[in-house]
Amino acid sequence: MKGMRIFLPAALFLLCLCLSPAAAPAQEWDTFKVDHFIIFHQDEESFARKVGEKAERYYNSIAHDMGYARYSKFWSWENRVKIYIYPDKAEYLKNTNSPEWTEGLADYKNRSIASYAGSENFTDNVLPHEIAHLIFRDFVGFKGDIPLWLDEGIAQWWTTSQKNQLIQNSAKKLYERDAILSLDDITNFNIQDIGNFRYVKKVQTKDGSTAILILSPEQLINTFYLQAASLVGFMRERYGQDRFARFCRDLRDEKPLEKALQSAYAEYFKDLKGLEKAWRAYLAK
Ligand SMILES: [Zn+2]
């Protein structure tokens, strides 16, 4: 798991994937430093300055929210996270070996974020998403039984609140169309296996019967990330951030996923199936 890279796709919402690390960037970079980040850029400094200011703001909110502040020295000085802003998407894709469908990536091993300049999407969406990935992983480490949907769902939470509402509305539409994958499926799903094939899966419909869902690779990626974002949003809003943080701490302390769910959410459900039932009931409303 060390050295894992998480991507942010350009598709419907903000999505990611893990691949092997790319070669170090070879360009000439200018740098701009703030407390917890070094911004590497090739265009004018004003954009890098804006990125630095926003990154600090996101860092403070996200770290505080995760109860991470006491470890914050880990992000200072020589441990500052590196943010590489390529001049355009083509340069970003070429230099990071990222798939076409991505918008950015978080590289845990090199403690870096990469994306490209020129859009509000970078500072408003890509940046908080990738910072959340890095903080979450610093917090939980790599030993625990942490499903990708949790990682992605948390990163997704850190886009604007308006976007969260958009996510829940889209998830409700997915539910309405009987196109929800089971939590068991998304927990055991290896997104690196996505090829050019159609994904065929048995799913449960609203009335409890079984149906066959057929998805293209792109639809599968969108479905996975939409469900991840919706689930984390649901868990946090319905049962509170404190309980959610306890759940994450238990995972960090190497409790298996179902055990961590059981201990944090005992009053509501005791396993993935129970969580899925509660979440489906929420989507049905
Ligand atoms: Zn992500």
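Residues numbered from 1 in each chain as written. Predicted model: local features only at pLDDT ≥ 70, side-chain atom pairs only at ≥ 80, totals over all residues. Heavy atoms only, no water.

## Some details on the overall build of the chain
Okay, so step 1: Along the chain, the regular secondary structure elements total ten helices and eight strands.
Okay, so step 2: Sorting the 285 residues of the chain into buried and exposed places 56% on the buried side.
Okay, so step 3: A separation of at least 24 residues holds for 66% of the contacts in the chain among residues at least 6 apart in sequence. (Helix = DSSP H or I, 4+ residues; strand = E, 2+ residues; numbered from the N terminus. Buried < 20%, exposed > 50% of the residue type's maximum accessible area, 1.4 Å probe, protein only. Contact = heavy atoms within 4.5 Å.)

## Details of the packing of aromatic side chains
Centre distance and the angle of the planes are the two values used to describe a pair of aromatic rings.
Okay, so step 1: Evaluated as defined, the whole model comprises 19 aromatic pairs.
Okay, so step 2: Arranged with centres 5.6 Å apart and planes meeting at 70°, the rings of Tyr 108 and Phe 142 form a pair that is edge-to-face. Taken together, the residues span a long stretch of sequence, with Tyr 108 in the loop between strand S5 (102-107) and strand S6 (112-116) and Phe 142 in the loop between helix H3 (120-140) and helix H4 (148-157) at a distance of 34 residues.
Okay, so step 3: In this structure Tyr 108 comes out as buried when scored by relative accessible area, which is 8%.
Okay, so step 4: The interplanar angle of 55° and the centroid separation of 6.1 Å between the aromatic rings of Phe 244 and Phe 247 together place this pair among those described as tilted. With Phe 244 and Phe 247 both in helix H8 (residues 241-252), this residue pair falls three residues apart, about one helical turn.
Okay, so step 5: Residue classification places Phe 247 among the buried positions, given a relative accessible area of 0%. (Phe/Tyr/Trp six-rings, centres within 6.5 Å; stacked < 30°, edge-to-face > 60°.)

## Overview of the packing of helix H7 (residues 217-239) against helix H10 (residues 272-284)
Okay, so step 1: Between H7 and H10, whose axes approach to 11 Å, the crossing angle comes to 90°. By the criterion of interaxial angle, the relationship of H7 to H10 is roughly perpendicular. Where H7 abuts H10, its residues Gln 227, Ser 230, Leu 231, Phe 234, Met 235, Arg 238 and Tyr 239 lie against Leu 275, Ala 278, Trp 279, Tyr 282 and Leu 283.
Okay, so step 2: When its residues are assigned to classes, the contact of H7 with H10 shows nine nonpolar, two polar and one charged. (Axes fitted to C-alpha atoms, helices over the stretch in contact; angles between N-to-C directions. Parallel < 35°, antiparallel > 145°, perpendicular 65-115°, else oblique. Nonpolar A, V, L, I, M, F, W, Y, C, P; charged D, E, K, R; others polar.)

## Re the pairing of strand S3 (residues 37-41)
Okay, so step 1: Within S3, five of the five residues are buried, leaving the element largely enclosed by the surrounding structure.
Okay, so step 2: By the bridge criterion, four bridges tie strand S2 (residues 30-33) to S3 in an arrangement that is antiparallel. By the bridge assignment, Thr 31 is partnered in S3 with Phe 40.
Okay, so step 3: Taken together, S2 and the strand that follows it, S3, pair antiparallel across an intervening segment of three residues. (Pairing = 2+ DSSP bridges.)

## Regarding helix H2 (residues 89-96)
Okay, so step 1: Residues of H2 that are buried: Tyr 92, Leu 93, Asn 95 and Thr 96.
Okay, so step 2: Measuring from the side-chain oxygen of the N-cap residue of H2 to the backbone nitrogen of Ala 90 gives 3.3 Å; that N-cap residue is Asp 88.
Okay, so step 3: In the stretch just after H2, Asn 97 is the one whose phi turns positive, near 55°. (Polar contact = N/O pair within 3.5 Å; in protein donor to acceptor, adjacent residues only side chain to side chain.)

## Some remarks on the packing of H7 against H8
Okay, so step 1: At a closest axis distance of 6 Å, the pairing of H7 and H8 adopts a crossing angle of 125°. Accordingly, the angle class assigned to the pair H7 and H8 is oblique. Across from Val 232, Met 235, Arg 236 and Tyr 239 in H7, the residues of H8 making contact are Gln 241, Arg 243, Phe 244 and Phe 247.
Okay, so step 2: Looking at side-chain class alone, the contact of H7 with H8 contains five nonpolar, one polar and two charged residues.

Don't take any of this as a statement about function, it's just geometry.
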